[in-house]
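Chain by chain, the residues:
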Amino acid sequence: DRLQAAFDELAERGVVVLQAVEDHWTAERLLAERRDLGEPMRGVAWFTAPDVWHAVDHGMLELNVWHGSSANVAPGHELLDEVIGVLAANGLSGHFDEGRIEISAYWQRRL
C-alpha cells in the first residue's frame, strides 16, 4: 500500500510510473507514445516484472528514474531527490545506487 501511495503521489507530480514493464525498450516505447500524444511528463519511474520478484524474495525493489526525455537521472538532480523524498514521505527507504533507486521493501499483496 505504501508503494502504491508513493506511485500515486509521483503521478500527481507529473512522474509517470510504469509497473512491471517488459524491459527498458518497452518503457521507452510507452514514453514515446505519450510524447507523441502531447501528454506532458516531468519524468518516469519504471521497473520490470523480475524487479518485482526480487522485491518479493529479497525485500528490495530497483526503480529506474528518467527525465521526461528518457535521460537517466543522476545524483544532484532535482527529480531524483523528489522521487526519493516521496518514497520517504510514504515510509519507504530508498537510495540511489548504480543508476537506480534501491527501495527497501518486500512486495506483498493484501490477504
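Parameters at a glance
Residues numbered from 1 in each chain as written. Predicted model: local features only at pLDDT ≥ 70, side-chain atom pairs only at ≥ 80, totals over all residues. Heavy atoms only, no water. Pairing = 2+ DSSP bridges. Helix = DSSP H or I, 4+ residues; strand = E, 2+ residues; numbered from the N terminus. Axes fitted to C-alpha atoms, helices over the stretch in contact; angles between N-to-C directions. Contact = heavy atoms within 4.5 Å. Phe/Tyr/Trp six-rings, centres within 6.5 Å; stacked < 30°, edge-to-face > 60°. Core = buried A, V, L, I, M, F, W, Y, C linked by side-chain atoms within 4.5 Å. Buried < 20%, exposed > 50% of the residue type's maximum accessible area, 1.4 Å probe, protein only.

**Q** Which residues make up the sheet that holds strand E1 (residues 15-21), and what are the values?
**A** Across the sheet, which stays open at both edges, the five strands sit in the order E1-E2-E3-E5-E4 with mixed pairing between neighbours. Only two strands of the sheet have a single neighbouring strand rather than two, namely E1 and strand E4 (93-97). On average, adjacent strands in this sheet sit at an angle of 25° to one another, irrespective of strand direction. Note: strand E2 (residues 43-48) against strand E3 (residues 60-67), four bridges, orientation antiparallel. The residue of E3 that forms the bridge with Val 44 is Trp 66. Each of E1, E2 and E3 is contacted by helix H2 (residues 24-36), which is oriented at about 145° to E1, the strand it contacts most. Packed onto the sheet, helix H3 (residues 49-58) meets E1, E2, E3 and strand E5 (100-104) and runs at close to 145° relative to E3.

**Q** Provide a residue-level description of the packing of aromatic side chains, including the pertinent values.
**A** Applying the stated criterion across every chain, the model contains three aromatic pairs. Taken together, the ring pairs in this structure connect Phe 7, Phe 47 and Trp 107 into an aromatic cluster.

**Q** Before we move on, could you go through the nonpolar core and cite the residues and values that matter?
**A** Nonpolar side chains in soluble globular proteins tend to be buried together. Core analysis: the biggest nonpolar cluster contains 23 residues, and Phe 7, Leu 63, Val 65, Val 83, Leu 87, Ile 101 and Ile 103 have the highest contact counts within it. When residues of this core are assigned to their parent elements, the largest contribution, five residues, is made by helix H4 (residues 78-89). Excluding anything up to four places from it in sequence, Leu 87 contacts Leu 3, Ala 6, Leu 92, Ile 101 and Ile 103. Formed by nine residues, the second largest nonpolar core is a distinct cluster that contains Val 16, Val 21, Ala 27 and Leu 31.

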